[in-house]
Amino acid sequence: MDDKSFINNRILLVEDEESLAVGLEYNLVEEGYTVNRAKDGREALKLFESKKFDLIVLDVMLPYVGGFEIAERVRQTDPQIPILILTAKTATGDRIKGLESGADDYLAKPFHLKELLLRVKGMLRRKAWYQKASSKQPVYKFGNNEINFENFSCKCGNKEFTLTAQESMVMKYLIENKEKIVSRKELLENVWHMNPDIETRTVDNFIVRLRKYFEPDPSNPVYIKSVRSAGYVFKDKPL
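Residues numbered from 1 in each chain as written. Predicted model: local features only at pLDDT ≥ 70, side-chain atom pairs only at ≥ 80, totals over all residues. Heavy atoms only, no water.

Asks: Describe the nonpolar core, listing the residues and the values that go with them.
Replies: For soluble globular proteins, the rule of thumb is that nonpolar side chains tend to be buried together. Membership of the largest hydrophobic core comes to 29 residues, with the highest contact counts inside it found for F142, I147, L163, M171, F214, I224 and F234. Discounting chain neighbours no more than four positions away, the residues touching F214 are F142, N145, I147, C154, F161, L163, M171 and Y223. Listed in part, the 22 residues of the second largest apolar core include A38, I56, A103 and Y106. (Core = buried A, V, L, I, M, F, W, Y, C linked by side-chain atoms within 4.5 Å. Buried < 20%, exposed > 50% of the residue type's maximum accessible area, 1.4 Å probe, protein only. Contact = heavy atoms within 4.5 Å.)

So this is what it looks like as structure tokens:
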């Protein structure tokens, strides 16, 4: 996809550290993005409610409303907007908490500016891929399950629930590659855009959650099957 297609994409930058925020805003604008900056959680939510954004760059430690809560509240109204969390927290539990709160990617401070710009570009590419793939097949049914990839709502028999954006992307990628073995590395590269901060164990955690949603017996999966030392394969009809 032509990188010029991302020019003028609007980014909400939420960062209370003034010097860092000014530097990030300058470099994002230099890349061709339109940037609105918020210095605290309350201001971020007001901007999000009043304007349309294509991506959010979000610090975790913020005055008034923290980044994890902002991500959760954003996801209640917009399940697809990419969210990149910036934080000094580097523990694996915090990374997973960030992803589970609705964030799509996680960058620990201090970071290299080039890496952040590549992450932003990669997330916008993923958003474009997902929107295009979802428009071709917005609803997918298999077994007793139904997934709406436009609003992330799901049904499993009489049970209704909602996936996170990241869970939906993982399912969409597996379905797009039905009957093919998909490695953990491939998922990291194409769903997380080769994020070195996310361990393969995190991919496994997502698969475990998806099995709980869609498998009749998660301990003996028939749709999302493991292939030893290779990865996973999706089958929409049990053998």
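The structure having been displayed, the exposition proceeds.
Asks: An account of the sheet that holds strand β6 (residues 139-142) is requested, with residue identities and associated values reported.
Replies: Across a sheet, strands are paired by hydrogen bonds formed along the backbone, either parallel or antiparallel in direction. What the four strands build is an open sheet, ordered β6-β7-β8-β9; its pairing is antiparallel. Looking at the sheet topology across the chains shown, the edges are occupied by β6 and β9 (159-162). Between one strand and the next, the sheet's axes are offset by a mean angle of 15 degrees, whatever the strand orientation. Note that strand β8 (residues 153-156) and β9 share four bridges and pair antiparallel. (Pairing = 2+ DSSP bridges. Helix = DSSP H or I, 4+ residues; strand = E, 2+ residues; numbered from the N terminus. Axes fitted to C-alpha atoms, helices over the stretch in contact; angles between N-to-C directions.)

Asks: Requested: an account of the state of the cysteines, with residues and values cited.
Replies: Within the structure shown, the criterion is met by zero disulfides. You can see C154 has no disulfide; the closest cysteine sulfur is in C156, sitting 9.4 Å from it. Accessibility expressed as a relative area gives 3% for C154, which makes it buried. (Disulfide = S-S within 2.5 Å.)

Asks: Quick one: what's the story with the pairing of strand β1 (residues 10-14), residue by residue and with numbers?
Replies: Buried residues dominate β1, accounting for four of its five residues. Of the strand pairs in this sheet, β1 and strand β2 (residues 34-38) are connected by five bridges, and their pairing is parallel. Paired with I11 across the strands is V35, a residue of β2. In the classification by handedness, the crossover that spans β1, the intervening helix α1 (residues 18-30) and the parallel β2 is right-handed. In this structure, β1 lies alongside strand β3 (residues 55-59), joined through four bridges in parallel fashion. Paired with V14 across the bridge in β3 is L58. (Right-handed = clockwise from strand over helix to strand, strands pointing away.)

Asks: I'd love a proper account of helix α6 (residues 165-176), names of residues and values included.
Replies: Taking 1.5 Å per residue, twelve residues should reach 16 Å; α6 reaches 16 Å between its end C-alpha atoms and fits that length. Among the twelve residues of α6, eleven are classified as buried, and the element is accordingly described as predominantly covered. Within α6, burial applies to A165, Q166, E167, S168, M169, V170, M171, K172, Y173, L174 and I175. (Expected span 1.5 Å × (residues − 1).)

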